[in-house]
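Letter by letter, the chains look like this.
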Amino acid sequence: MSIRAEALTKVYGQQKAVDSINFMADTGVLGFLGPNGAGKSTTMKMLTCFIPQTSGTASVCGFDINKQPLDVKRNIGYLPESNPLYTDMYVKESLAFVAGIHGMHEPAKRIAEVIEQTGLGPEQHKKIGQLSKGYRQRVGLAQAILHNPQVLILDEPTSGLDPNQLVGIRQLITELGKTKTIVLSTHIMQEVEAVCNKVIIINKGIIAANDTLKSLRDKNKGQSLESIFIGLTNK
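Residues numbered from 1 in each chain as written. Predicted model: local features only at pLDDT ≥ 70, side-chain atom pairs only at ≥ 80, totals over all residues. Heavy atoms only, no water.

Description of the overall build of the protein chain
- A tally of regular secondary structure across the protein chain gives nine helices and 10 strands.
- A compact globule built from 235 residues should have a C-alpha radius of gyration of about 18 Å, and the protein chain, at 18 Å, falls within 12% of that.
- Each principal axis of the C-alpha atoms in the protein chain carries an extent, and together these give about 50 × 40 × 30 Å.
- Counting across all 235 residues of the protein chain, residues that qualify as buried make up 50%.
- For the protein chain, long-range pairs separated by at least 24 residues make up 67% of all intrachain contacts whose partners lie at least 6 apart in sequence.
- A total accessible area of about 11,400 Å² is found for the protein chain, and carbon and sulfur atoms account for 50% of it. (Helix = DSSP H or I, 4+ residues; strand = E, 2+ residues; numbered from the N terminus. Rg over C-alpha atoms; globule rule 2.2 N^0.38 Å. Buried < 20%, exposed > 50% of the residue type's maximum accessible area, 1.4 Å probe, protein only. Contact = heavy atoms within 4.5 Å. Areas by Shrake-Rupley, 256 points an atom, 1.4 Å probe, with all protein chains shown as cover.)

Structure, rendered in structure tokens:
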């Protein structure tokens, strides 16, 4: 399994943000859903070694997040919800900078491929600060996939995209999911139904559902994902 979490827990003061969750993820797109404050971003930050867990364990591509954080980061691409970017850099310059961090040899070809994949061609010679929010999201996604990681963790990757851009990025995520493990957090249920093979719904730090999309619907008498989500998270 590319991702394995066992009794993963994060406590802030008196609050258990993530409460002893267990799940596994392999090749494909996993929809990671939950209301605001449910523990989604906290879980993603633990898996990407941005914050330490309080207890429990997790591994990415066989590397322990606590004992082997550098190996985890080499095998993971992360697009956080805040999408921090150096706005005074040019698009192509920023990708070259990220390639340098990863120690990529002869990165020019890979940068050109990623610019093509993410539709950044027309904007590649602009400063990031001049880009629309949608194109900034594309830059964040380009940086996440640049080093060709086995695992991608995407927190609200389509935020700010117009309908035409949405289609392109969803197609890219679907294509990447054929060979990579992708954890996709979003509030857009149509997006999950369009690209995800499997769904985890987390509520108040506890996993409320962990199943394939089809099986989840079958167990809930064919209800829409939105109805299932509301039913599980309003408790």
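A look at a nonpolar patch on the surface
- Residues Y86, F97 and I101 make up a contiguous nonpolar surface patch of about 340 Å² in total accessible area.
- When you line up the elements, F97 lands in helix α3 (residues 91-101).
- Classification of F97 by relative accessible area gives partly exposed; the value is 37%. (Patch = residues over 30% accessible without salt bridge, like charges linked within 9 Å, V, L, I, M, F, W, Y side chains within 5 Å. Salt bridge = Lys/Arg side-chain N within 4 Å of Asp/Glu carboxyl O.)

A few points about the UniProt feature "domain: ABC transporter" (unreviewed entry) in the protein chain
- UniProt's feature table lists "domain: ABC transporter" (unreviewed entry) at residues 3-229, given in the numbering used throughout.
- Structurally, residues 3-229 is divided into 36% helix and 27% strand, and its ends, taken at the C-alpha atoms, are 23 Å apart. (UniProt positions renumbered as here; feature names shortened; annotations may be inferred.)

Considering the side chain of Q124
- Mapping Q124 onto the fold places it in the loop between α4 (108-117) and α5 (133-145).
- For Q124, a relative accessible area of 17% gives the class buried.
- Engagement of the side chain of Q124 in a polar contact is seen with the backbone oxygen of G121, the distance being 3.2 Å.
- Discounting residues that sit within four places of it in the chain, Q124 has contacts with V91, K92 and I115. (Polar contact = N/O pair within 3.5 Å; in protein donor to acceptor, adjacent residues only side chain to side chain.)

Thoughts on the environment of S224
- Inspection of the secondary structure puts S224 in the loop between α8 (213-219) and α9 (225-233).
- Separated by 34 residues in the primary sequence, S224 and Q190 have C-alpha atoms spaced 9.9 Å apart.

Re the sheet that holds strand β1 (residues 3-12)
- One open sheet holds the four strands; their spatial order is β2-β1-β4-β5, and the pairing between them is antiparallel. The open sheet is flanked by β2 (15-25) and β5 (63-64), the only strands paired with a single partner.
- As defined by bridge partners, β1 adjoins strand β4 (residues 55-60) across five bridges and the pair is classed as antiparallel. When the sheet's bridge partners are listed, I3 is paired in β4 with V60. (Pairing = 2+ DSSP bridges.)

Some thoughts on the pattern of salt bridges
- Evaluated as defined, the whole model comprises nine salt bridges.
- Residue R170 pairs with E191 through a salt bridge whose shortest N-O separation is 3.3 Å. Residue R170 is located in helix α6 (residues 163-176), and its partner E191 is located in helix α7 (residues 189-195); the two are separated by 21 residues in the primary sequence. No difference in accessibility class separates R170 from E191, as the two residues are buried.
- A salt bridge links K214 to D218; its shortest N-O distance comes to 2.9 Å. A residue pair is termed a helical-turn pair when its members lie 3 or 4 positions apart in one helix, as K214 and D218 do in helix α8 at four residues. Both residues of the pair, K214 and D218, belong to the exposed class.

Points about α4
- Taken together, the buried positions of α4 are occupied by R110, I111, V114 and I115. Projected down its long axis, α4 carries its buried residues within an arc of 140°, all on one side. Exposed residues on α4 whose side chains face more than 90 degrees from its buried face are A108, K109 and E116.
- The inward-facing, buried residues of α4 contact α3 and α5.
- Of the residues trailing α4, G119 is marked for its positive phi of about 70°. (Arc of directions from axis to C-beta.)

Some points on the sheet that holds strand β3 (residues 28-33)
- The mixed open sheet is built from six strands, whose spatial order is β6-β7-β8-β3-β9-β10. A single partner strand is all that each edge strand has here, and the edge strands are β6 (76-79) and β10 (206-212). In this sheet, neighbouring strand axes are inclined to one another by 15° on average, regardless of whether the strands run parallel or antiparallel.
- As defined by bridge partners, β3 adjoins strand β8 (residues 181-185) across five bridges and the pair is classed as parallel. From the neighbouring strand, G28 faces β8, where its bridge partner is T181.
- The strands touched by helix α1 (residues 40-47) are β3, β6, β7 (151-155), β8 and β9 (198-203); relative to β7, the strand with the most contacts, the crossing angle is about 150°. (Axes fitted to C-alpha atoms, helices over the stretch in contact; angles between N-to-C directions.)

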